[in-house]
Amino acid sequence: MGLLDTILGRSKPVRPDLDQLFAVPSAALTLQAGAGFIPTGLGSVCFAGVEGGTFARIRQDVEELLDADTDRGGIPVEFSQDSYGYTWLLSRRSPDDVASLVNDLHAVNILLQDGGFGPQLLCSLIGFRAAEGRSLALVYLYKRGTFYPFAPVRGGAEKRDNQLELQIRATLGDDLRVERDLSRWFPVWGAPGL
């Protein structure tokens, strides 16, 4: 970063730190104790769709890696595409095994990054639910290296519970690197795993 960047207020982008995902199991305990949200066992990775043989091989590697336990009762990963053309990978684990879910998401991110598809990675999310049925996701922004809470309001309308999101931010303040810029707390309506 040079002097001109400093004068113009430009900053160097944060380098993604995928190891931040490993803080989620501890944050899950904080969420349960402090806000009554428990893990659902669902997590997903979102990336921009890519064509080509290299990407097809990486996708096959991801499926083989994450589906390795299907013969022992594990649930195969699912790929889907949203209305914006983004691809989602959904992983399912036991709700009390957040560490395995995080390992799955981390492995997908690493395989895509190491395969040269890091710029296509958008976010990863881990789903939570409260006893009264409210949904919450912790969303990891790949390009920012930060998390934010996303709390859609029940009922199908695309509304979010901003008050709950701010409450969760305060609850998780010491557990996760939470995104400070609220304009980057993008809604992920209909995301698999939410």
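Preceding this section is the structure that the text describes.
To start, this report covers the structure provided alongside it. All figures in this text were calculated on a predicted structure; none of them were measured in a lab. (Residues numbered from 1 in each chain as written. Predicted model: local features only at pLDDT ≥ 70, side-chain atom pairs only at ≥ 80, totals over all residues. Heavy atoms only, no water.)

Examining the pattern of salt bridges
Piece 1. Evaluated as defined, the whole model comprises six salt bridges.
Piece 2. For the salt bridge of Glu 78 with Arg 92, the shortest nitrogen-to-oxygen distance reads 3.0 Å. Taken together, the positions of Glu 78 in strand S2 (residues 78–81) and Arg 92 in strand S3 (residues 86–92) put the pair 14 residues apart, joining distant regions of the chain. (Salt bridge = Lys/Arg side-chain N within 4 Å of Asp/Glu carboxyl O. Helix = DSSP H or I, 4+ residues; strand = E, 2+ residues; numbered from the N terminus.)

Regarding the nonpolar core
Piece 1. One finds Leu 31, Phe 37, Phe 128, Val 139, Ile 168, Leu 176 and Val 188 to be the most contacted residues of the largest nonpolar core, which totals 50 residues.
Piece 2. It is helix H4 (residues 98–117) that provides the largest number of residues to this core, a total of seven residues.
Piece 3. When near neighbours in sequence (up to four residues on either side) are disregarded, Val 188 contacts Trp 88, Leu 125, Val 139, Tyr 148, Phe 150 and Leu 194. (Core = buried A, V, L, I, M, F, W, Y, C linked by side-chain atoms within 4.5 Å. Buried < 20%, exposed > 50% of the residue type's maximum accessible area, 1.4 Å probe, protein only. Contact = heavy atoms within 4.5 Å.)

Regarding the packing of aromatic side chains
Piece 1. Using the criterion set out here, one finds three aromatic pairs in the structure.
Piece 2. An angle of 55° between the planes, with centres 5.0 Å apart, marks the rings of Tyr 140 and Phe 147 as tilted.
Piece 3. The exposure class assigned to Tyr 140 is buried, which follows from its relative accessible area of 1%.
Piece 4. On the accessibility criterion, Phe 147 (0% relative accessible area) is buried. (Phe/Tyr/Trp six-rings, centres within 6.5 Å; stacked < 30°, edge-to-face > 60°.)

Remarks on the sheet that holds S3
Pairing between sheet strands relies on hydrogen bonds along the backbone, with the strands arranged either parallel or antiparallel.
Piece 1. Read across the open sheet, the six strands follow the order S2-S3-S1-S4-S5-S6; overall the sheet is antiparallel. The open sheet has two edge strands with one neighbour each: S2 and strand S6 (146–150). Across the sheet, the mean angle from the axis of one strand to that of its neighbour is 25°, orientation sign disregarded.
Piece 2. Along the sheet face, H4 touches strand S1 (37–48), S3 and strand S4 (121–130) and points at about 10° away from the line of S1.
Piece 3. Seen against the sheet, helix H5 (residues 162–171) touches S1, strand S5 (135–141) and S6 and runs at an angle of roughly 140° to S6. (Pairing = 2+ DSSP bridges. Axes fitted to C-alpha atoms, helices over the stretch in contact; angles between N-to-C directions.)

Side note on the pairing of S5
Piece 1. Most of S5 sits out of view: seven of its seven residues are buried.
Piece 2. Burial of S5 is two-sided: the residues Ser 135, Ala 137, Val 139 and Leu 141 facing one way and the residues Leu 136, Leu 138 and Tyr 140 facing the other way are all buried.
Piece 3. Note that S4 and S5 share seven bridges and pair antiparallel. Within S5, the position partnered with Ser 124 by the bridge is Tyr 140.
Piece 4. Between S4 and the antiparallel strand that follows it, S5, lie four residues; Gly 133 among them carries a positive phi value of about 100°.
Piece 5. Across five bridges, the pairing between S5 and S6 is antiparallel. Considered in S6, the bridge of Ala 137 is made with Phe 150.
Piece 6. The antiparallel hairpin formed by S5 and S6 contains four residues in its connecting segment, where Gly 145 sits at a positive phi of about 70°.

Focus on helix H2 (residues 24–35)
Piece 1. Taken together, the buried positions of H2 are occupied by Val 24, Ala 27, Ala 28, Leu 31 and Ala 35. Buried residues of H2 fall within an arc of 110° about the axis and therefore sit on the same side. Exposed and oriented more than 90 degrees from the buried face of H2 are Leu 29 and Ala 33.
Piece 2. Buried residues belonging to H2 abut S1, H4, S4, S5, S6 and H5.
Piece 3. Where H2 terminates, the next one or two residues include Gly 36, which has phi positive at roughly 80°. (Arc of directions from axis to C-beta.)

Thoughts on the packing of H2 against H4
Piece 1. Their axes nearest at 9 Å, the elements H2 and H4 cross at an angle of 135°. Relative to H4, the element H2 lies oblique. Here H2 and H4 pass one another in a crossing that is right-handed. Taking contact as the criterion, the partners of Val 24, Pro 25 and Ala 28 in H2 are, on H4, Val 98, Ala 99 and Val 102. (Parallel < 35°, antiparallel > 145°, perpendicular 65-115°, else oblique. Left-handed = near helix turned anticlockwise from the far one by under 90°.)

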